Amino acid sequence: MIVFTAISGAKNEDPLCYLVEIDDEVRIMLDCGWNDEFNVEDLKNLRRVAKQVDALLLSHPDLQHLGAYPYAYGHFGLSCPVYATLPVLNMGRMCLYDVFQSKINESEFDTFDLNNVDTAFDQITTLKYSQPCSLGKYKGITITAYAAGHAIGGTIWKIKKDAEEIVYAVDYNHKKERHLDGTVLHKDGVVLDALSRPTLMITDAYNSLISHPARKLRDAALFETIMTTLQGNGSVLLPTDSSARVLELAYLLDQHWAFHQLTYPLIFLSYQSYNTIQYAKSMLEWMSDAINRQFDNKRENPFEFRYLRLCTRYKELAKYPEPKVVIASNVSLESGYARDLLLEWGTSPENAVILTDRGPPYSLARKLYKEWEKGTEEDNTNSVPLKPAIALDLIIPLEIRKKVPLEGQELIDYKNEQRKKKEREAAQAALIAKSLSIIEEDESDGSESELGDNDIEELLATQFDLYVRDATKLGGFFKQTQSYLMFPYIEKRKRYDEYGEIIQAEQFKNKGIEGLGLVIDGENGDRMEDDNNDDSDKADQSTADSNVPTKYVYYDEDIHFQCQLRFIDLEGTNDSRSLKTIVPQVQPRKLIVIHASPEATHDFASSCLALQSMTRDIYTPDVGELLNVSEAINFYQVKLTDSLVSSLRLSKLEDYNISFVSGKIHLPPDSSFPILDVIPIEEYAASDNPVFVGEIKLTELKRVLQSEGIIAEFKGEGILVCNEKVAVRKTPTGQLTLEGSLSDDYFKIRSIIYGQHAIL
């Protein structure tokens, strides 16, 4: 039994999060996304199921796919095993570092901190591509990651239990890019055998209504817009994410700058720009064959950029003269350096903003995209492959959020408060020192405290100004020790062993270099942080000097945007034509369509239903809807006697030994265990027809036939034509049909097909 629930991201473009329940035994969560609004109310559906989840699979290293994971781990009890590829782990961590720093530099933000991120991400188990992994204690279930082609480490997940297979494929890209190869789901026009004909396929229809021009045209449009702006003495802003698609854009522009020997400054501005590129340098094996060949042949790391400069602070931009090109995070334009630059550059007509992503539905980026789309409606898209830039003339009311240094009376008041605080701390320290000296004098008379460590801890919370000797302590005959009317203070006694006083090593650790967690970059002083450093260490790359007291200010302002605006799609996902070609070739038995607007969802589902070869079981669930997509299969588990097993004729099929048994099952009145009454094989073997068990894929059959000297090619829709005489096709139910005139070729091909099955 398979039950699917959309936690978020169904019939809308919200972050992705889904739950799959298999046989009432295991609940697997697919992605755990959030957006950079970080509204906890958006996670109400996730809160209800988090503690019931048995495993979480993360597919891509961005907010849309993993943004809610640290919060759910820390607040909702999502403590199950988590699986991802190594790049998703590393780049996902950098993504959350960057957005956290963006948030704390514009407003009070306490939804999560970097320690929450580290604690959660330390729980992730990393897998390699095509590496089957047993799902913990659920030994009958395996998961396997396959390359999605959208972002480094991006994953298509396959979940398998017995004969049931589930393929979760979202945001995949079959086209080869500069730093990534296309997805293995559909390579060279052929679906990967391991992912074809799954029991259930879960996929998105995000771009079902979008058509992409050729990549060459899009690249040319990008370069043309940049150069036109620079030559007009204007600067260019390219908003992007901080750790996923930014790698393609950075590599593309650095190569262009190197080829043309351009002298304009090219900058990647992000709180984690240095760390992101350092990780990219260390994970070349996850990138394209071309990247690896370049490294093998020239011994040059392609991400050792020659022209791209890395900046982690906004004020560093002043070092580079204008005009310049800046790649900045975040893609939504709701926070981060990209928003700061938009507010500064977007009001000038000579500057340009190039959107490479439509942005989330709620975002400022999406508003600008719609404005560009409206401004280019008159262009005939049939004759113009790419719509041009528009001269933006738009007033948008925005809330301006800033972290600014204290000045004037506020600064004076702050310093006075800090001085008073230090005076109080000094007075308290002096008082404690005085109490310690009195205790040492008192201990010289040989008295010992009988309090344990726990008792001392409790008394420490109620320490008083001065030391009080025990009023009940007797100093001799008719003599009582002097009492002081003072508050008690209890000190932990020092502990000794045969070598002397026991030292607590943690008191002598230097937290600044603990674990060698600090790597300094000679050019810009950026740091690659160790996971053990605290939030203040990780977040010190802020726009304000960490030694200068600051405050947050908020105000509303109408911003008059007058820059050049253009959208050039570099999202790295399939368009409408690709989606509607690839999914039918996968031939899933059942299909669930998710993560798209209602219009795009309906369009994609309708296009699939229009194909005769596609399954009729296509579902478009709403958020929160429970969808039972189980196959109608009845089966029993019975125990066979040793004599019965020894009489069976077993055939090998993949990892199983199978045999055909004819009999009757009944339940005895005195037992709940089913009993199989078996008919001896000799009584039916001669009369019954043979049973063919197994499923052969046409792509695999093509290779087998070619190895036997038969010319086999695909023609039409899923038809394998052999020697131009015999046609092999697969029906929607998975059955193979053989068509052609009776001949030697026909019988030879039939014999080969029989050989690919277990015959009982």
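Residues numbered from 1 in each chain as written. Predicted model: local features only at pLDDT ≥ 70, side-chain atom pairs only at ≥ 80, totals over all residues. Heavy atoms only, no water.

As annotated in an unreviewed UniProt entry, the protein carries the name Cleavage and polyadenylation specificity factor subunit 2 and is attributed to Glomus cerebriforme. Turning to the protein, the UniProt record has this under Subcellular location (unreviewed entry): "Nucleus". Per its UniProt entry, the protein bears the Sequence similarities (unreviewed entry) comment "Belongs to the metallo-beta-lactamase superfamily. RNA-metabolizing metallo-beta-lactamase-like family. CPSF2/YSH1 subfamily." (UniProt positions renumbered as here; feature names shortened; annotations may be inferred.)

Where helix H4 (residues 86-104) contacts helix H8 (residues 273-282), the axes come no closer than 10 Å and their chain directions differ by 175°. Comparing their axes, H8 and H4 come out roughly antiparallel. Seen from H4, the contacting residues are Asn90, Met91 and Met94; seen from H8, they are Asn275, Thr276, Tyr279 and Ala280. A per-class count over the contact of H4 with H8 returns four nonpolar, three polar and no charged. (Axes fitted to C-alpha atoms, helices over the stretch in contact; angles between N-to-C directions. Helix = DSSP H or I, 4+ residues; strand = E, 2+ residues; numbered from the N terminus. Parallel < 35°, antiparallel > 145°, perpendicular 65-115°, else oblique. Contact = heavy atoms within 4.5 Å. Nonpolar A, V, L, I, M, F, W, Y, C, P; charged D, E, K, R; others polar.)

Turning our attention to empty space enclosed by the protein. Per the stated rule, a full pass over the model turns up four cavities of 30 Å³ or more. Of the volumes computed, that of the largest cavity is approximately 600 Å³. In terms of lining residues, the largest cavity is bounded by 32 residues, among which Asp62, Gln64, Asp241, Val331 and Asp357 are the most central. Elements that contribute at least two residues to the lining of the largest cavity include exactly helix H2 (63-66) and helix H7 (246-260). No other element matches the three residues that H2 contributes to the lining of the largest cavity. Of the residues in the lining of the largest cavity, the class split is ten nonpolar, twelve polar and ten charged. Structurally, the lining of the largest cavity is a two-domain feature, drawing no fewer than three residues from each of domain 1 (2-211 + 571-624) and domain 2 (215-405 + 555-567). (1 Å grid on protein atoms, 1.4 Å probe; cavity = no way out; pocket = protein on both sides within 12 Å on 5 of 7 lines; lining within 4 Å. Points joined across faces, edges and corners; volume = space filled by probe spheres on them. Domains from an automatic or database assignment.)

The next subject is the sheet that holds strand S37 (residues 712-715). Pairing is antiparallel across the open sheet formed by four strands, whose spatial order is S37-S38-S39-S40. At either end of the open sheet lies a strand with only one pairing partner, and these are S37 and strand S40 (736-740). Going across the sheet, the axis of each strand differs from the next one's by a mean of 25°, ignoring polarity. Taken strand by strand, helix H19 (residues 698-707) contacts S37, strand S38 (719-722), strand S39 (726-730) and S40, and its axis lies near 150° from that of S37. Those strands touched by helix H20 (residues 744-755) are S38, S39 and S40, and its axis lies near 170° from that of S40. (Pairing = 2+ DSSP bridges.)

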